[in-house]
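So you can see what is in the structure, the chains are spelled out below.
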Amino acid sequence: MAKRRGFETEAIHLSKKFGERGALNVPIYQNSTFAQVEPGKWEDYTYTRTNNPTEEALRNALSVLEGGAYGIITSSGLAAINALCEMFDSGDHIVSTADVYGGTYRLFTEFVAKRGIEFSFVESKDITQVSGAVRENTKLIYVETPSNPLLEITDIPAIARIAKSQGALLAVDNTMATPYFQKPLELGADIVIHSLSKYISGHTNVIGGALIVKDDSYRDQIKFIRKATGANPAPFDCYLTLLGLKTLALRMRRHEENALRVAKYLVEQPRVVSVRYPGLSEHPQHELAKKQMSGFGGIVSFELDGDEKVAKKFIQDTELFTISISFGSVASFISYPAQMSHKDMPREERIKRGFSDSLVRLSLGIEDVNDLISALDGAFSKMR
Ligand SMILES: Cc1ncc(COP(=O)(O)O)c(C=O)c1O
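For every chain, the first residue of the written sequence is number 1, and numbering continues from 1 along that sequence. Only residues with pLDDT of at least 70 are given local features in this predicted model, and only at 80 or more are side-chain atom pairs given and counted; all residues enter the totals for whole chains, interfaces and linings. Computation of side-chain values covers all heavy atoms of the structure but excludes hydrogens and water.

Description of the overall build of the protein chain
Note the cut-off: Helix numbering and strand numbering both begin at the N terminus, where a helix is a DSSP run of H or I of at least 4 residues and a strand a DSSP run of E of at least 2. Put simply, the radius of gyration uses C-alpha atoms, and a globule should come to 2.2 Å times the residue count raised to 0.38. Think of it in three bands: residues with accessible area under 20% of the maximum for their type are buried, residues over 50% are exposed, and the middle band is partly exposed, with areas taken using a 1.4 Å probe on protein chains only. Contacts are residue-level and defined by heavy atoms, with any inter-residue pair within 4.5 Å sufficient. The accessible surface values rely on the Shrake-Rupley method and a 1.4 Å probe; as for residues, cover is taken only from the protein chains in view.
Helix and strand counts for the protein chain come out as 14 helices and 12 strands. Relative to its length of 384 residues, the protein chain is compact, with a C-alpha radius of gyration of 21 Å against a globular reference of 21 Å. The principal-axis extents of the C-alpha atoms in the protein chain amount to approximately 75 × 50 × 40 Å. Here the protein chain holds 384 residues, and 57% of them are scored as buried. Long-range contacts, defined as pairs at least 24 residues apart, comprise 72% of the intrachain contacts of the protein chain with a sequence gap of at least 6. For the protein chain, the exposed area adds up to about 16200 Å²; of that, 52% sits on carbon and sulfur atoms.

Remarks on the pattern of salt bridges
Any two side chains of opposite charge can pair if their charged atoms end up close together. Our working rule: Should a side-chain nitrogen of Lys or Arg be within 4 Å of a carboxyl oxygen of Asp or Glu, the pair is scored as a salt bridge.
Using the criterion set out here, one finds 22 salt bridges in the structure. A salt bridge links R5 to E10; the nearest nitrogen and oxygen atoms lie 3.1 Å apart. Since its relative accessible area comes to 14%, E10 is described here as buried. The partner of D357 in a salt bridge is R347, with the nearest N and O atoms 2.5 Å apart. Within this pair, whereas D357 is found in the loop between α13 (347–352) and β12 (359–363), its partner R347 is found in helix α13, the two being separated by 10 residues in sequence. You can call R347 partly exposed: its relative accessible area is 47%. One continuous salt-bridge network, built from bridges that share partners, spans E55, E56, R59 and R226.

Notes on the pairing of strand β1 (residues 70–74)
Quick reminder of the rule: Pairing between two strands requires that DSSP report at least two bridges joining them.
Most of β1 is tucked away: five of the five residues are buried. Burial of β1 is two-sided: the residues Y70, I72 and T74 facing one way and the residues G71 and I73 facing the other way are all buried. Sheet topology note: the β1/strand β7 (residues 209–213) ladder contains five bridges and is antiparallel. Within β7, the residue paired with I72 across the bridge is L211.

Focus on unusual backbone geometry
A cis amide bond links T145 to the next residue, P146, at an omega of -10°. Its place among the elements puts P146 in the loop between β4 (138–144) and α6 (156–166). Residues N148 and P149 are joined by a peptide bond in cis, for which omega reads 10°. Positionally, P149 belongs in the loop between β4 and α6. A positive phi angle is found at T204, which is not glycine, with a value near 50°. Looking at T204, the relative accessible area reads 52%, which means it is exposed. Phi angles above zero are rare outside glycine, and L320 is one such case at about 75°.

Regarding the side chain of D173
Rules: None of His or the chain ends enter the tally, which takes Lys and Arg as positive and Asp and Glu as negative. Any N or O atom pair separated by 3.5 Å or less is treated as a polar contact, with the protein-specific requirement of one donor-capable and one acceptor-capable atom, and with residues adjacent in sequence counted only for side-chain atom pairs.
With respect to the helices and strands, the residue D173 is situated in strand β5 (residues 169–173). This buried residue, D173, is left without a salt bridge; K198 holds the nearest opposite charge, at 9.3 Å. Separated by 2.5 Å, the side chains of D173 and T175 make a polar contact. Once residues lying within four places of it in the same chain are set aside, the contact partners of D173 are I81, Y142, V143, E144, T145 and I193.

Points about the packing of helix α2 (residues 53–66) against helix α9 (residues 235–246)
Put simply, the rule is: An axis is simply a line fitted to the C-alpha atoms; with a helix, the fit covers only the stretch in contact. Between two such axes, the angle follows the N-to-C directions and lies from 0 to 180 degrees. Crossing handedness follows the turn of the near helix against the far one: under a right angle anticlockwise gives a left-handed crossing, and clockwise gives a right-handed one.
In contact at an axis separation of 8 Å, α2 and α9 are set at 35° when each is read in the N-to-C sense. For the crossing formed where α2 meets α9, the hand is left-handed. Residues T54, E55, A57, L58, A61, L62 and L65 of α2 touch α9, and the partners they reach there are P235, C238, Y239, T241, L242 and L245.

A few points about the domain arrangement of the protein chain
For clarity, the cut-off: Where each domain starts and ends follows an automatic or database-derived domain assignment. Classification used: nonpolar for Ala, Val, Leu, Ile, Met, Phe, Trp, Tyr, Cys and Pro, charged for Asp, Glu, Lys and Arg, polar for all others including Gly.
Its domain assignment divides the protein chain into domain 1 (7–246) and domain 2 (248–383). When each unit is reduced to the centre of its C-alpha atoms, the spacing between domain 1 and domain 2 is 26 Å. Contacts between the two partners involve 44 residues from domain 1, matched on the other side by 42 residues from domain 2. With a closest N to O distance of 2.6 Å, E8 and R253 form a salt bridge. Inspection of the domain 1/domain 2 interface yields 24 residue pairs in polar contact (both at pLDDT 80 or more). At the level of elements, α1 (7–13), α4 (102–110), α6, α7 (178–181) and α9 are the ones that each hand at least two residues to the side of domain 1 that touches domain 2. At four residues, the largest contribution of residues to the side of domain 1 that touches domain 2 is made by α4. Residue composition of the side of domain 1 that touches domain 2, by class: 21 nonpolar, 14 polar and nine charged.

Structure follows, in structure tokens:
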């Protein structure tokens, strides 16, 4: 058997074979349609909504990096989650992590539920809640781990066993960890979801998504869903994402290094009530994170001693960090999730889950960490 190459090597060299005339970057096939040799005869490429060579290079590369059989690239992460839901019918039941990205919650509750698909939201970090929620008609368990913004960890192999015993599929949103730090398919999941708009593209210049399946038997179904619902990405965005992918490993290591330094700094701050980062030994699921992840990522959330006003002022006072709803960029971001990424999640729901009004989320970029800490120091000094 050929020796498996390292992640960094694959991420750089995987797309090479798709280049023409020695092109080291996959060309941008900016075509809506491709010539057919005969009426009714279908070649590999006919129309970009169905297939495009730049998109093909990206989906193949991501499928290899995730250890999947096949994947589709979509116009956004939410389009990938919506495509996943299209695999199920009215009357089916989905059990989902409660602490999911706010847009995922909105998609599930305001759109997919209207198609007659039922949802149960549970704290999936507690596997008894997941097994308790599973029913006869449960077809999917949907997990986000680490979760956004609470950084809770769900035990992927344990949930995979529950899904298997019920004959349901397990999908994991791997956006936060990326395949560099976590391989859900190797841990027993059936499907991986990505927002490519975050770490994988990495430079805040792309909106994209991916749905990758472990079992090749879902290939035709997901291909068909993408084609029939028009969820395809732009070839240029696929090109940019492929460039981002080449430096993913390097960036992730630096994001993590900076996040750990900042998390440890925050723990020491008198106005900080709690710090959520799975890389801290005091994180309640640190051991589980160590078991199923090879790194802890670049997001740190923390609660300030105060209310919404205090949190918003702190955010406003933090220089260098960009106030942004997103994460996963080379630049550091700061956000107030309750009214940004999770604004469509009802307050009672949030509070029930320990997502308080003073929660601040940081996405640590790859800058000099001393400058990031100085910026936070500046904001803390204004609190006193
Ligand atoms: C964990 C997670 N999954 C999915 C999405 C949706 O991705 P997109 O914004 O690309 O539609 C997001 C967006 O913030 C996210 O944070």
